[in-house]
Amino acid sequence: MSDFKILIAPSARESFGKYEEAYGNHVEMIEKRTFPDGEFVIKVDSNLDSNIVFIVQNGYPDQHMHFFEVLQIAEVAKTKGAKDIVLVSPYLSFSRQDRRTLEGEPFTLKLVCDLYRMNGISTIIAVDVHNTDAFRNIDINIINIDPIDIWSQYFSLKDLETVVLLSPDNGGSKRISNYARRLGIPSVSLDKNKDITGKTWYTEANEDVINHLREKDVLIIDDLCSSGSTFIPLANFLLNYHPKSITYAITHFFGDEEHIKNQIHSPVNILFSDTIPSRKHTISVFELISQQINHYKKDVARC
């Protein structure tokens, strides 16, 4: 099997312990020097010749600094003769900029991935990518980890007798349908409207949807919440139908939990994973990421 190294980017320092525990001396914590004018430079000490190199980096703010840390590490790994370079980014920054929204705006996700490729990164391992279809037009391999197994395992241990799954919009109906089949519970979806400023509102539900929601424990599972601009109006809208409770489970959560809860006119439950580091996370994706790293090593060894 090919040798490998896992390089922990400076801004992913909190991940070092769990990777070191799992992979021992294959892991290096990358150090960074910052100059008086704010520029910085990283330094890789390991011998990377003919190694598969995994760069672990966070995608939450400051995304621009984190992005440039990855470019520097990848450039060094390429120069040191790495056999292959893989970016491990549980939350993939810039993934929501997956198209040109307005005339004159860039396709930022493609731009970022092109720069990764220029510096030797062949593959990205990420969790619950916002829109995997966008990668059809991008020359990089994406391994998207679906968290359905760990969320389903978590909720299967709960009393689901009065639970109904809700998709905030038609775009999320496939996700919710998959969870509904896995958990054996009903699901419904709403019609979401959003203007160019990001203001969100919901169309009045039909009688069938209303009957599914009334006096039920409503469970919403989504990929990302950064400000609550979707969930806050959704939760307040749902209160019109008198649900028993509202639970919001998000893979990537970097919003202000207390602020969001204070904007909703009734108590809600907010659950999230550790793709954005937090002591309060409900589920951990590390085992899923570790499995993909191990699979990737074996696949490369067979080539």
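Here is what the cut-offs are and how they apply
Residues numbered from 1 in each chain as written. Predicted model: local features only at pLDDT ≥ 70, side-chain atom pairs only at ≥ 80, totals over all residues. Heavy atoms only, no water. Buried < 20%, exposed > 50% of the residue type's maximum accessible area, 1.4 Å probe, protein only. Helix = DSSP H or I, 4+ residues; strand = E, 2+ residues; numbered from the N terminus. Pairing = 2+ DSSP bridges. Right-handed = clockwise from strand over helix to strand, strands pointing away. Core = buried A, V, L, I, M, F, W, Y, C linked by side-chain atoms within 4.5 Å. Contact = heavy atoms within 4.5 Å. Phe/Tyr/Trp six-rings, centres within 6.5 Å; stacked < 30°, edge-to-face > 60°. Axes fitted to C-alpha atoms, helices over the stretch in contact; angles between N-to-C directions.

**Some thoughts on the pairing of strand 5 (residues 52–56)**
Link 1 in the chain: Buried residues dominate strand 5, accounting for five of its five residues.
Link 2 in the chain: Side-chain alternation along strand 5 places I52, F54 and V56 on one buried face and V53 and I55 on a second face that is also buried.
Link 3 in the chain: Judged from the five bridges that link them, strand 1 (residues 4–8) and strand 5 form a sheet pairing that is parallel. Within strand 5, the residue paired with I6 across the bridge is F54.
Link 4 in the chain: The sheet contact formed by strand 5 and strand 6 (residues 84–88) spans five bridges and is parallel. From the neighbouring strand, V53 faces strand 6, where its bridge partner is I85.
Link 5 in the chain: For the segment spanning strand 5, helix 2 (residues 63–79) and strand 6, crossover handedness is right-handed.

**Considering the nonpolar core**
Link 1 in the chain: Among the nonpolar cores identified, the biggest contains 41 residues, and I6, Y19 and F54 are the most heavily contacted of them.
Link 2 in the chain: At six residues, helix 9 (residues 286–302) tops the list of elements feeding residues into this core.
Link 3 in the chain: If we skip the residues at most four places from it in the chain, I6 touches Y19, Y23, H26, V27, E28, F54 and V56.
Link 4 in the chain: Formed by 32 residues, the second largest nonpolar core is a distinct cluster that contains I55, L71, L87 and V112.

**Quick look at the packing of aromatic side chains**
Link 1 in the chain: Overall, the coordinates contain 14 aromatic pairs when judged by the stated rule.
Link 2 in the chain: When the centroid spacing of 5.4 Å and the interplanar angle of 90° are considered together, the rings of F237 and Y241 count as edge-to-face.
Link 3 in the chain: Exposure remark for Y241: the relative accessible area of 4% places this residue in the buried category.
Link 4 in the chain: An aromatic cluster of three or more residues is present, and its members are F67, F94 and Y116.

**Examining the sheet that holds strand 14 (residues 245–253)**
Link 1 in the chain: What the five strands build is an open sheet, ordered 10-9-13-14-15; its pairing is parallel. The strands lining the two open edges of the sheet, one partner per strand, are strand 10 (187–189) and strand 15 (269–272). Across the sheet, the mean angle from the axis of one strand to that of its neighbour is 25°, orientation sign disregarded.
Link 2 in the chain: Of the pairings in the sheet, the one linking strand 13 (residues 217–225) to strand 14 comprises eight bridges and is parallel in character. Pairing of C225 across the sheet is with F253, part of strand 14.

**Considerations on the pairing of strand 15**
Link 1 in the chain: Of the strand pairs in this sheet, strand 14 and strand 15 are connected by four bridges, and their pairing is parallel. Within the sheet, the bridge partner assigned to A249 lies in strand 15 and is L271.
Link 2 in the chain: Crossover strand 14 to strand 15 through helix 8 (residues 257–262) is right-handed.

**Observations regarding the side chain of T251**
Link 1 in the chain: Mapping T251 onto the fold places it in strand 14.
Link 2 in the chain: With residues near it in sequence (within four places) discarded, T251 still touches V127, D128, P147, W151, D222, D223, S273 and T275.

**Considerations on unusual backbone geometry**
Link 1 in the chain: P61 connects to D62 through a cis peptide bond whose omega is 5°.
Link 2 in the chain: As for its placement among the helices and strands, D62 is situated in the loop between strand 5 and helix 2.
Link 3 in the chain: We note that F94 has phi near 70°; this positive angle belongs to a residue other than glycine.
Link 4 in the chain: With a phi close to 50°, D128 is a non-glycine residue in the positive phi region.
Link 5 in the chain: Mapping D128 onto the fold places it in the loop between strand 7 (121–127) and strand 8 (141–145).
Link 6 in the chain: Using a relative accessible area of 7% as the deciding quantity, one classes D128 as buried.

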